[in-house]
Amino acid sequence: MSVGDVLYTSVVISVISFALFWMAAFTLWWQMHAWRTPETLASTRFDRPDGEGRLAFSLLLPARHEQAVLQHTIERLLESSHTDYEIIVIVGHDDPETAAVAEAAAAKAPERVRVVVDHHETKNKPKALNTALPHCRGDIVGVFDAEDQVHPELLAHVDHAFRSTAADVVQGGVQLINFHSSWYSLRNCLEYFFWFRSRLHLHAEKGFIPLGGNTVFVRTEVLREAGGWDQNCLAEDCDLGVRLSSVGKKVVVAYDSDMVTREETPGSLMSLLKQRTRWNQGFLQVYRKKDWQQLPGRGQRWLARYTLMTPFMQAASGVIIPVNFAVAVFLDVPVGVAIITFLPMITALVTFVFEIVGLHDFGRQYGLRVRFVHYLKLIVGGPFYQVMLAGAAIRAVWREQRGRNEWELTSHTGAHLAPISATAAVSAAGASTAIREDSHQ
């Protein structure tokens, strides 16, 4: 190469390396939010309820082909210690099996459970939620998924959180729990742990938050003023959070390992790929809607842009990092430039260490036995998981460009439930596979 070519190549790969380094460093710093100080960690918890429940809850439970797990979820919600709530199960007009389970529950507990039928020809979760919104009688609308395992004390804590903070929205924790099911389920569980345990609290503090799809509670009048959920968005939960953040609504996030809603990971790698594709495509749709541009602060807008574009930067990184490294090794560039290309690997190594610590904390908080083989799977599976994330991001861009917006469902079998219940769920799923319109993290 000529001197000019060497200089040009050196500048390009140096800029790319520094950019990747700072992107990874920022992401890691945000991920560590709750771990930075004991005070920060303590502030992420629910305060103890005062025992004076004053708010009425309408709990929405959209269910589609989920007869195997729905009954367990309703029974769990009926164990709530709160005294004022209703459960509205939303079923499709073309789903008689799930409707039968919902109707049976409503007949058994008519004072608590009602059934609303969604007659949309094309079904998805936001359409189901919007169908039920006019039927809500409570002060607060809460959303759960049909396979959720909800803590009986959760509503009492959320009630207190609304009253003590004057919040418009309270986002509770969600945790995938079956970390032992596969190599990718371990990483999937840790993603939820870092997101709900830490990163989401930072977003709430900054005034920009992409909400989760369940264990989220919104004041009914706020939700109606916002027009409910965007039924054409594949990440309707994220979209709602962005819109409410943009008009200055107060969002409070609280996490307690005893109080989180437990879920399971997708049952196959392909199912996880489709789920992650849908989320990424939804993020892209939210980015293109530009509601985030109404955020009052420049820092908020920058955080929003970065967060919504993260999946696509992941996709680009998956391609750029190996290419950049190969260029530095095989082309004749100065030694100093070649060393700079290793900068992203420094943050990658630090991230690995943090993930190991996180896996230890995850096991300790949930009383799970984390063995050496799990740490090994965490490390060895890291690069392959990044490839899956990059593939999902690329697929999301491809689908969006081709106008492919149909809702891809995610299969579930109840692997997160207690052993006896899980066995029953799997058995039932053998006759009819449980499929849910899964929520976003």
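Numbers given to residues run from 1 along each chain, matching the order in which its sequence is written. Where totals are concerned, whole chains, interfaces and linings use all residues; where local detail is concerned, this predicted model gives features only for residues with pLDDT of at least 70, and gives and counts side-chain atom pairs only at 80 or more. In computing side-chain properties, one takes all heavy atoms of the structure into account and sets aside hydrogens as well as water.

Colleague: Help me understand the overall build of the chain, please; the structure alone is not making it clear to me.
Modeller: The number of helices and strands found in the chain is 15 helices and 11 strands. For every residue, the accessible area (1.4 Å probe, protein chains only) is compared with the maximum for its type, and the residue is labelled buried under 20%, exposed over 50%, or partly exposed between those bounds. The buried share of the chain, taken over its 441 residues, is 55%. Whether two residues are in contact is decided by their heavy atoms: any pair within 4.5 Å suffices. Sequence separation of 24 or more characterises 83% of the internal contacts of the chain that already satisfy a separation of 6 or more. The method behind every accessible area is Shrake-Rupley, applied with a 1.4 Å probe, and residues are considered shielded solely by the protein chains displayed. Looking at the chain as shown, the accessible area adds up to about 18900 Å², and 60% of this sits on carbon and sulfur atoms. Every helix listed is a DSSP run of H or I at least four residues long, and every strand listed is a run of E at least two residues long, numbered separately from the N terminus.

Colleague: Just checking my understanding: could you explain the nonpolar core for this structure?
Modeller: Most often, soluble globular proteins have nonpolar side chains that are buried together. What makes a nonpolar core is a set of buried Ala, Val, Leu, Ile, Met, Phe, Trp, Tyr and Cys residues whose side-chain atoms join them at distances within 4.5 Å. Counting residues in each nonpolar core, the largest one holds 46 residues, and the members touching the most others are Leu60, Val218, Trp229 and Phe362. Counting residues per element, this core draws most heavily on helix H7 (residues 183-206), which supplies nine residues. Beyond its immediate chain neighbours, meaning those up to four positions away, tryptophan 229 contacts Leu60, Pro126, Leu129, Asn130, Val141, Val143, Leu223, Glu236, Leu240 and Arg243.

Colleague: Would you take a moment to explain a negative patch on the surface for this structure?
Modeller: Side chains of Asp84, Asp139, Glu221 and Glu225 sit close together on the surface and give a patch of like negative charge. Relative to the assigned elements, aspartate 139 resides in the loop between helix H5 (125-132) and strand S4 (140-143). Aspartate 139 gets classed as partly exposed once you look at its relative accessible area, which sits at 35%. A patch consists of residues exposed above 30% relative accessible area that lack any salt bridge, with like charges linked at up to 9 Å and nonpolar side chains (Val, Leu, Ile, Met, Phe, Trp, Tyr) linked at up to 5 Å. Each reported salt bridge corresponds to a side-chain nitrogen of Lys or Arg within 4 Å of a carboxyl oxygen of Asp or Glu. Positive residues here are Lys and Arg, negative ones are Asp and Glu, while His and the chain termini are left out of the count. Taken as the charge location is NZ of Lys, CZ of Arg, CG of Asp or CD of Glu.

Colleague: I tried to follow the pattern of salt bridges on my own but got confused; where do I start?
Modeller: Where charged atoms of side chains with opposite charge meet at close range, the side chains can pair. Applying the stated criterion across every chain, the model contains 15 salt bridges. The residue aspartate 94 makes a salt bridge to lysine 123 at a minimum N-O spacing of 3.7 Å. Here aspartate 94, found in the loop between strand S2 (85-92) and helix H4 (96-108), pairs with lysine 123, found in the loop between strand S3 (113-118) and H5; they are 29 residues apart in sequence, far enough to count as distant. Among the salt bridges present, the one from glutamate 406 reaches arginine 399, with a minimum N-O distance of 3.4 Å. Overlapping salt bridges bring together Asp230, Asp239, Arg243, Lys289 and Asp291 as one network.

Colleague: I tried to follow the sheet that holds S2 on my own but got confused; where do I start?
Modeller: Strands were regarded as paired on the criterion that DSSP finds at least two bridges between them. Within the open sheet, the seven strands sit side by side as S3-S2-S1-S4-S7-S5-S8. Their pairing is mixed. One side of each edge strand has no neighbouring strand; the edge strands of this open sheet are S3 and strand S8 (251-253). Pairs of neighbouring strands in the sheet enclose a mean axial angle of 20°, with direction left out of account. All axes here are fitted lines through C-alpha atoms, helices being fitted over the stretch that makes contact, and every angle between N-to-C directions spans 0 to 180 degrees. Running over the sheet, H5 touches strand S1 (57-62), S2, S3 and S4 and is turned about 125° from S3. Those strands touched by H7 are strand S5 (169-171) and S8, and its axis lies near 160° from that of S8.

Colleague: Looking at this model, I keep getting lost on the packing of aromatic side chains. Mind explaining?
Modeller: A ring pair, where both rings are aromatic, is described by two values, the distance of the centres and the angle of the planes. The aromatic pairing rule takes the rings of Phe, Tyr and Trp, using the six-membered ring of Trp, and pairs them if the centres are within 6.5 Å, calling planes under 30 degrees apart stacked, those over 60 edge-to-face and the rest tilted. All told, the structure shown has 21 aromatic pairs when counted by the stated rule. Note on phenylalanine 21 and tryptophan 22: the rings are 5.2 Å apart at their centroids and 75° apart in plane angle, and the pair reads as edge-to-face. The interplanar angle of 90° and the centroid separation of 5.4 Å between the aromatic rings of tryptophan 35 and phenylalanine 354 together place this pair among those described as edge-to-face. Separated by 319 residues along the polypeptide, tryptophan 35 in the loop between helix H1 (3-31) and helix H2 (38-43) and phenylalanine 354 in helix H13 (residues 343-365) bring together distant segments of the chain. Given a relative accessible area of 8%, phenylalanine 354 falls into the buried group. An aromatic cluster is present here, built from Trp35, Phe179, Phe193, Phe194, Phe354, Phe362 and Tyr366 joined pairwise through their rings.

Colleague: What should I look at first to understand unusual backbone geometry in this one?
Modeller: Generally, phi is negative for residues other than glycine and the peptide bonds are trans, each holding for most cases. The backbone phi angle of histidine 65 is positive, close to 55°, even though this residue is not glycine. Secondary-structure assignment places histidine 65 in the loop between S1 and helix H3 (70-78). What makes histidine 65 partly exposed here is its relative accessible area of 27%. With a phi close to 55°, alanine 166 is a non-glycine residue in the positive phi region. Topologically, alanine 166 is positioned in the loop between helix H6 (154-165) and S5. Looking at alanine 166, the relative accessible area reads 55%, which means it is exposed.

Colleague: Could you clarify how one ought to interpret the pairing of S1 in this entry?
Modeller: When a strand is regular, its side chains alternate between the sheet's two faces. With six of its six residues buried, S1 lies for the most part within the structure. The two faces of S1 match: Phe57, Leu59 and Leu61 on one face and Ser58, Leu60 and Pro62 on the other face are all buried. Sheet analysis places S1 next to S2, joined by six bridges and oriented parallel. In the sheet register, phenylalanine 57 faces S2, and the bridge partner there is tyrosine 85. Look down the strands so they point away from you; if going from the first strand over the helix to the second traces a clockwise path, that crossover is right-handed. Each parallel crossover has a hand, and for S1 linked through H3 to S2 it is right-handed. Taken together, the four bridges between S1 and S4 define a ladder with parallel strand orientation. Within S4, the position partnered with leucine 60 by the bridge is valine 143.

Colleague: Please explain the environment of threonine 73 as it appears in this structure.
Modeller: Following the sequence through the fold, threonine 73 ends up in helix H3. Residue classification places threonine 73 among the buried positions, given a relative accessible area of 0%. Each residue touching threonine 73, except ones within four places of it in the same chain, is listed here: Leu61, Asp145, Ala146, Glu147 and Asp148. Distance and chemistry together define a polar contact, namely a pair of N or O atoms within 3.5 Å, with one atom able to donate a hydrogen and the other to accept it when in protein, and with adjacent residues in sequence counting only for side-chain atoms on both sides. Here alanine 146 takes part through its backbone oxygen, which lies 2.5 Å from a polar atom of the side chain of threonine 73.

Colleague: Explain the packing of H7 against H13 here, please?
Modeller: Packed helix pairs are specified by the crossing angle of their axes together with the interaxial distance, meaning the distance between the axes. At a closest axis distance of 10 Å, the pairing of H7 and H13 adopts a crossing angle of 85°. As summarised for this structure, H7 and H13 are arranged roughly perpendicular, according to the angle between their axes. Contacts between H7 and H13 involve Leu186, Arg187, Cys189, Leu190, Phe193, Phe194 and Arg197 from the former and Phe352, Phe354, Glu355, Gly358, Leu359, Asp361, Phe362 and Gln365 from the latter. Think of it as three bins: nonpolar holds Ala, Val, Leu, Ile, Met, Phe, Trp, Tyr, Cys and Pro, charged holds Asp, Glu, Lys and Arg, and polar takes everything else, Gly as well. Of the residues belonging to the contact of H7 with H13, the class tally is nine nonpolar, two polar and four charged. An angle below 35 degrees is treated as roughly parallel, one above 145 as roughly antiparallel, one from 65 to 115 as roughly perpendicular, and anything else as oblique.

Colleague: Teacher, can you tell me more about a nonpolar patch on the surface here?
Modeller: A surface patch of nonpolar side chains, about 530 Å² in accessible area, is lined by Phe372, Leu376, Ile379, Val380 and Phe384. Within the fold, isoleucine 379 resides in helix H14 (residues 372-401).

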